[in-house]
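Observations on the three-dimensional arrangement
The primary structure of each chain is shown beneath.
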Amino acid sequence: MTNHTILEPLPEDQWFIESQELRSFVATVREISASTVNDRTQTLARLEPYFQELLAQQEWLPEKFAQINPESKMGGGIGQWLLYRAKDRSLSVFSLVIPPGSTTPVHDHLAWGLIGLYKGNQQETVYRRVDNGDAEGHAQLQVTEVRRLSPPQASLQPGDIYRLLPPDGDIHAVKTTSQSASVSIHVMGNDTGCILRHQFIPESHSVKSFRSGYSNAPCKEEEEKEHAQVR
């Protein structure tokens, strides 16, 4: 099963919060990503210090965008809040809010990106796919890493960053290990909430397509699909 979603361009860039810190960071992302288009490893390496600076500033993210969402398409009350997306859909920034004790489905992202922990604690389980993908609905996964820091820290702490560079590190599940919801910031080289990607069920060796959507912004593609079904 291979998903390659082509998204229609938007009329303009979309900003969902007013933050000079975020605007400055996005400008840096666009500059670096454009100059390293042939080497995404370099893109991530050069972006990471700027991302670390953004994560260290605790005033720019409005409280609304750090809330859980009982109606989330991710399930489990997980909030996926869009902060910015480029009009050509090649870049998005969003917050992911996972309630205490909850775990995301095992999923992929299908793009380069950085994920940084903003609040709370998390544990990330990273997988790699070991089958060839020829059997529809079937996927064999292998755990490659459970990301923890050395004792006494037993999980990812605020400020920690991990990289996505498919296929490396692209399939994972994330669990909140703190007593309060965890908030992570995602910087992704696609419109992650609106593309069709993969949700894996390791216990049954199965995989299905899904569109996670956003808690605060529509996906035109999903709206068109629902309209077609009504008709």
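Let us look at the structure shown here. Only a predicted model underlies this, so the values are computations on that prediction, with no experimental measurement involved.

Points about the environment of Val130
Within the secondary structure, Val130 sits in the loop between β6 (122–129) and β7 (141–147). Val130 gets classed as partly exposed once you look at its relative accessible area, which sits at 39%. The spacing of Val130 and Gln142 is 12 residues in sequence and 6.8 Å in space, taken between C-alpha atoms.

Comments concerning the packing of aromatic side chains
Tallied over the full model, the rule gives five aromatic pairs. Ring centres of Trp15 and Tyr84 lie 4.3 Å apart, and the angle between their planes is 45 degrees; this geometry places the pair in the tilted category. Separated by 69 residues along the polypeptide, Trp15 in strand β1 (residues 14–15) and Tyr84 in strand β2 (residues 79–85) bring together distant segments of the chain. Given a relative accessible area of 26%, Trp15 falls into the partly exposed group. Judged by its relative accessible area of 0%, Tyr84 falls in the buried class. Measuring from centroid to centroid gives 5.6 Å for Trp60 and Tyr118, while their planes differ by 65 degrees, and the two rings are edge-to-face. Here Trp60 is found in the loop between α2 (40–56) and β2, whereas its partner Tyr118 is found in strand β5 (residues 113–119), with 58 residues between them in sequence. Classification of Trp60 by relative accessible area gives buried; the value is 3%. Between Arg23 and the ring centre of Trp15, over which it is positioned, the NZ or CZ distance is 4.2 Å.

About the thresholds
Residues numbered from 1 in each chain as written. Predicted model: local features only at pLDDT ≥ 70, side-chain atom pairs only at ≥ 80, totals over all residues. Heavy atoms only, no water. Helix = DSSP H or I, 4+ residues; strand = E, 2+ residues; numbered from the N terminus. Buried < 20%, exposed > 50% of the residue type's maximum accessible area, 1.4 Å probe, protein only. Phe/Tyr/Trp six-rings, centres within 6.5 Å; stacked < 30°, edge-to-face > 60°. Lys NZ or Arg CZ within 6 Å of the ring centre and 35° of its normal.

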